[in-house]
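Take a look at the letters that make up each chain.
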Amino acid sequence: MTSDILEGQWKQLRGQIREKWGELTDDEVDQIAGRRDRLIGMLQEKYGYTRQEAEDRVNAFVRELNA
């Protein structure tokens, strides 16, 4: 799934994002607005992930969606 698809499906994915990463608030999810880079940055901030770890987790999440 490319970043464009993530943005395009954001409204449908919001609930799954909140379920997966429960520390993200609704306002933070609104700020992410489907932007992969913002999601990665927010995960780094909230969970203390390294950039690579956050990218890996987002990639795994996307793969789960496509399964």
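Scroll up to find the structure.
This structure is a prediction, so every number in the text was calculated from the model and none was measured. (Residues numbered from 1 in each chain as written. Predicted model: local features only at pLDDT ≥ 70, side-chain atom pairs only at ≥ 80, totals over all residues. Heavy atoms only, no water.)

Visitor: Hey, could you run me through helix H5 (residues 51-66) in this one?
Guide: Each α-helix winds once per 3.6 residues, and so residues spaced three or four apart point in a common direction. Taking 1.5 Å of rise per residue, 16 residues should cover 22 Å, and H5 covers 23 Å from first to last C-alpha, within 8% of that figure. The complete set of buried residues in H5 reads Ala-54, Val-58, Phe-61 and Val-62. The buried side chains of H5 occupy one side of the element, clustering within an arc of 95 degrees when seen end-on. Close packing links the buried residues of H5 with helix H2 (10-20) and helix H4 (36-47). (Helix = DSSP H or I, 4+ residues; strand = E, 2+ residues; numbered from the N terminus. Expected span 1.5 Å × (residues − 1). Buried < 20%, exposed > 50% of the residue type's maximum accessible area, 1.4 Å probe, protein only. Arc of directions from axis to C-beta. Contact = heavy atoms within 4.5 Å.)

Visitor: Mind showing me how you'd approach the packing of aromatic side chains here?
Guide: Each aromatic ring pair is summarised here by two numbers: the centre-to-centre distance and the angle between the ring planes. Inspection of every chain in the model, using the stated rule, returns two aromatic pairs. Aromatic side chains Trp-21 and Phe-61 sit 5.3 Å apart centroid to centroid with 55 degrees between the ring planes, which places their arrangement in the tilted category. Residue Trp-21 is found in the loop between H2 and helix H3 (26-32), and its partner Phe-61 is found in helix H5; the two are separated by 40 residues along the sequence. For the pair formed by Trp-21 and Phe-61, the shared burial category is buried. Both rings, one in Tyr-47 and one in Tyr-49, keep their centres 5.4 Å apart while their planes meet at 20 degrees; by these two values the pair is stacked. On the basis of relative accessibility, which here comes to 26%, the residue Tyr-47 falls in the partly exposed class. (Phe/Tyr/Trp six-rings, centres within 6.5 Å; stacked < 30°, edge-to-face > 60°.)

Visitor: I would appreciate a short explanation of the packing of H4 against H5 in the present structure.
Guide: Packed helices, taken two at a time, are described by their axes: the angle between them and the distance between them. Look at H4 against H5: their axes get within 9 Å of each other, and the N-to-C directions meet at 120 degrees. Considering their axes alone, H4 and H5 lie oblique with respect to each other. Crossing angle aside, the handedness with which H4 passes H5 is right-handed. Listed contacts from H5 to Arg-36, Asp-37, Leu-39, Ile-40, Leu-43 and Gln-44 of H4 are Arg-51, Ala-54, Glu-55, Val-58 and Asn-59. Among the residues forming the contact of H4 with H5, the class breakdown is five nonpolar, two polar and four charged. (Axes fitted to C-alpha atoms, helices over the stretch in contact; angles between N-to-C directions. Parallel < 35°, antiparallel > 145°, perpendicular 65-115°, else oblique. Left-handed = near helix turned anticlockwise from the far one by under 90°. Nonpolar A, V, L, I, M, F, W, Y, C, P; charged D, E, K, R; others polar.)

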